[in-house]
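Descriptive analysis of the structure
Chain residues, written in single-letter form:
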Amino acid sequence: MLRPSQGIKAAIRLSLAVMLSFCGATSTGAAAGLQKAERLVIHYHSGTFELVSRMTIRKVLPGSIAFADTTIQHSGSWFELQSATGANLYRRMMQPPQTIYVEALEDSTSGRYVRQEATVPDRTFVLLVPLRDDAVQVAFYGPPVAAAGKRAGTQLLGSISLR
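Residues numbered from 1 in each chain as written. Predicted model: local features only at pLDDT ≥ 70, side-chain atom pairs only at ≥ 80, totals over all residues. Heavy atoms only, no water.

This next bit is on the sheet that holds strand E5 (residues 78-82). In a beta sheet, neighbouring strands pair by backbone hydrogen bonds and run either parallel or antiparallel. The antiparallel open sheet is built from four strands, whose spatial order is E6-E5-E10-E11. Since the sheet does not close on itself, it has two edges, and those belong to strand E6 (88-93) and strand E11 (155-161), each with one partner. Along the sheet, successive strands turn relative to each other by an average axial angle of 20°, direction set aside. Relative to E6, E5 is paired through five bridges, and the arrangement is antiparallel. (Pairing = 2+ DSSP bridges. Helix = DSSP H or I, 4+ residues; strand = E, 2+ residues; numbered from the N terminus. Axes fitted to C-alpha atoms, helices over the stretch in contact; angles between N-to-C directions.)

Encoded structure:
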């Protein structure tokens, strides 16, 4: 019998698998245990990315995302840890760097919250990536800043150098 926390974890894993299959991506599996990783603090400003700080940590990281079909244009946002030749070493989905989400009261009587989306010129966020000797950059992919819809084709938004 599953404990409540195990049931929640199983539901989260199932939900993640369903979401990934919906967008044509699969996870290559999580690492078997603790591994060396880097916590990267990134500042996004009007289309540019800057590495603010980095720290080596030990962490269990989720597996890399692999797209089911690499010959088609994808939508969504992700980052890739890349080698000197541009080969993908690690990929994870992320929220677009220019987008933030805020929960606010719908009205004072209902007590319900609504999720609101806003576009911002500045944002600081954290990424966790495996620490690899062959990793030289992190590349960011997503819809163009001026894209009208969520399904806009993805493009390279920018990158930061790690070496």
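Now that the structure has been shown, we can carry on.
Next up on the list: unusual backbone geometry. Phi is positive for Ser46, close to 45°, though the residue is something other than glycine. Here Ser46 lies in the loop between strand E2 (35-45) and strand E3 (48-59).

All chains considered together, the criterion is met by six aromatic pairs. When the centroid spacing of 4.8 Å and the interplanar angle of 70° are considered together, the rings of Phe67 and Trp78 count as edge-to-face. Of this pair, Phe67 sits in strand E4 (residues 65-67) while Trp78 sits in strand E5, and the two are 11 residues apart along the sequence. Both residues of the pair, Phe67 and Trp78, count as buried. Note on Phe79 and Tyr90: the rings are 6.4 Å apart at their centroids and 50° apart in plane angle, and the pair reads as tilted. Pair noted here: Phe79 is in strand E5 and Tyr90 is in strand E6, with a separation of 11 residues, a long-range link. Phe79 gets classed as buried once you look at its relative accessible area, which sits at 4%. Members of the aromatic cluster, each reached through a chain of ring pairs, are Tyr44, Phe49, Phe125 and Phe140. Across the ring face of Tyr101, the terminal group of Arg115 is positioned such that the distance to the ring centre comes to 3.9 Å. (Phe/Tyr/Trp six-rings, centres within 6.5 Å; stacked < 30°, edge-to-face > 60°. Buried < 20%, exposed > 50% of the residue type's maximum accessible area, 1.4 Å probe, protein only. Lys NZ or Arg CZ within 6 Å of the ring centre and 35° of its normal.)

This is a description of form; function is not addressed.
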